[in-house]
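Breakdown of the fold
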Amino acid sequence: KQEVTQIPAALSVPEGENLVLNCSFTDSAIYNLQWFRQDPGKGLTSLLLIQSSQREQTSGRLNASLDKSSGRSTLYIAASQPGDSATYLCAVNPSGNTPLVFGKGTRLSVIA
Amino acid sequence: DGGITQSPKYLFRKEGQNVTLSCEQNLNHDAMYWYRQDPGQGLRLIYYSQIVNDFQKGDIAEGYSVSREKKESFPLTVTSAQKNPTAFYLCASRSGQRHQPQHFGDGTRLSIL
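Conventions we followed
- Residues numbered from 1 in each chain as written.
- Chains lettered and ligands numbered in written order.
- Predicted model: local features only at pLDDT ≥ 70, side-chain atom pairs only at ≥ 80, totals over all residues.
- Heavy atoms only, no water.
- Helix = DSSP H or I, 4+ residues; strand = E, 2+ residues; numbered from the N terminus.
- Rg over C-alpha atoms; globule rule 2.2 N^0.38 Å.
- Buried < 20%, exposed > 50% of the residue type's maximum accessible area, 1.4 Å probe, protein only.
- Contact = heavy atoms within 4.5 Å.
- Areas by Shrake-Rupley, 256 points an atom, 1.4 Å probe, with all protein chains shown as cover.
- Salt bridge = Lys/Arg side-chain N within 4 Å of Asp/Glu carboxyl O.
- Buried area = accessible area lost by both parts, 1.4 Å probe.
- Polar contact = N/O pair within 3.5 Å; in protein donor to acceptor, adjacent residues only side chain to side chain.
- Patch = residues over 30% accessible without salt bridge, like charges linked within 9 Å, V, L, I, M, F, W, Y side chains within 5 Å.
- Pairing = 2+ DSSP bridges.

**Here we look at the overall build of chain B**
- If you tally the helices and strands in chain B, you get zero helices and 11 strands.
- Order of helices (α) and strands (β) in chain B, N terminus to C terminus: β-β-β-β-β-β-β-β-β-β-β.
- Expected size for 113 residues packed as a compact globule is a radius of gyration near 13 Å; at 13 Å, chain B falls within 12% of this value.
- Oriented by its inertia axes, the alpha-carbon framework of chain B measures out at about 40 × 25 × 25 Å.
- The buried share among the 113 residues of chain B stands at 48%.
- By sequence separation, contacts in chain B at least 24 residues apart represent 53% of the contacts at least 6 residues apart.
- Element-wise, carbon and sulfur atoms account for 44% of the exposed surface of chain B, whose accessible area totals about 5600 Å².

**Here we look at the pattern of salt bridges**
- All chains considered together, the criterion is met by five salt bridges over all chains.
- Among the salt bridges present, the one from A:Arg61 reaches A:Asp84, with a minimum N-O distance of 2.8 Å. You can see A:Arg61 sitting in the loop between strand E6 (56-59) and strand E7 (62-67) and its partner A:Asp84 sitting in the loop between strand E8 (72-77) and strand E9 (86-93), a full 23 residues away along the chain.
- Its relative accessible area of 29% is what places A:Arg61 among the partly exposed residues.
- Salt-bridge contacts for B:Asp38 lead to B:Arg36; the nearest nitrogen and oxygen are separated by 2.8 Å.

**Details of the interface of chain A and chain B**
- Between chain A and chain B, the contact holds 22 residues from the first and 23 residues from the second.
- Of all residues in chain A, A:Tyr31, A:Leu44 and A:Pro99 bury the most surface against chain B, accounting for 26% of the area lost on that side.
- Remark: the boundary between chain A and chain B carries zero salt bridges.
- Along the contact surface separating chain A from chain B lie six residue pairs in polar contact (both at pLDDT 80 or more).

**Overview of the side chain of B:His29**
Residue and element names in this part refer to chain B.
- Residue position: His29 is located in the loop between strand E3 (19-25) and strand E4 (31-38).
- The class for His29 is buried, based on a relative accessible area of 8%.
- With near-sequence residues (within four places) excluded, His29 lies in contact with Arg68, Lys71, Ser93, Arg94, Ser95 and His103.

**Quick word on a nonpolar patch on the surface**
- A cluster of nonpolar side chains, B:Tyr10, B:Phe12 and B:Leu113, forms an exposed patch at the surface whose accessible area comes to about 380 Å².
- Mapped onto the secondary structure, B:Phe12 falls in strand E2 (residues 10-13).

**Some thoughts on the sheet that holds strand E3 (residues 19-25) of chain A**
Residues and elements named next belong to chain A.
- Read from one edge of the open sheet, five strands run E1-E3-E8-E7-E6, paired in antiparallel fashion. The strands lining the two open edges of the sheet, one partner per strand, are strand E1 (4-5) and E6.
- Bridging between E3 and E8 involves six bridges; their strand directions are antiparallel. The residue of E8 that forms the bridge with Asn22 is Thr74.

Nothing here speaks to function; it is geometry throughout.
Now the structure itself:
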């Protein structure tokens, strides 16, 4: 059974710092991986989706990488801002039509 | 704008009462999902539906029921059998096309009176 782990559970950084959020999964046979952002009391917003054949995806200051063989994905946030403060979740799609398997998230605080 | 609408935003349930949470999407997505979110527990899948008139149990289906009579609608009923219903409930949908992202509504917060 696929399991997704995100460490650390919480992270606090000063404004302007570049940072990396980690996601690991137990079964390397995945269809794609998605990163989400969740603000308090809100739903999840999709940030990036990486297909199993891809190594990375970029959107603005965000860059997500995927290493299937080692069961890892990272979300790189450049020049962090207080507005980046949120919980970031990664989710693995095991085989296309199946439900996503979510990690518990990393709660990020960017201090001004 | 296309999206997922969940209503109500806040809901209160009395003991022994069934309540229904609404989820409507205008994204023309085939699959729809219901999750429960508790502090420190992450997202847990309750039910999902990949096509109209069909649905499957997720990891924590006991005490819940769903229907999928229309493609755009996937209501969740929290029955009196669910003894700990207080949580944040999230509805999501996803296209059947390859490598499309999953979208979420803004959630319903359910509390017991």
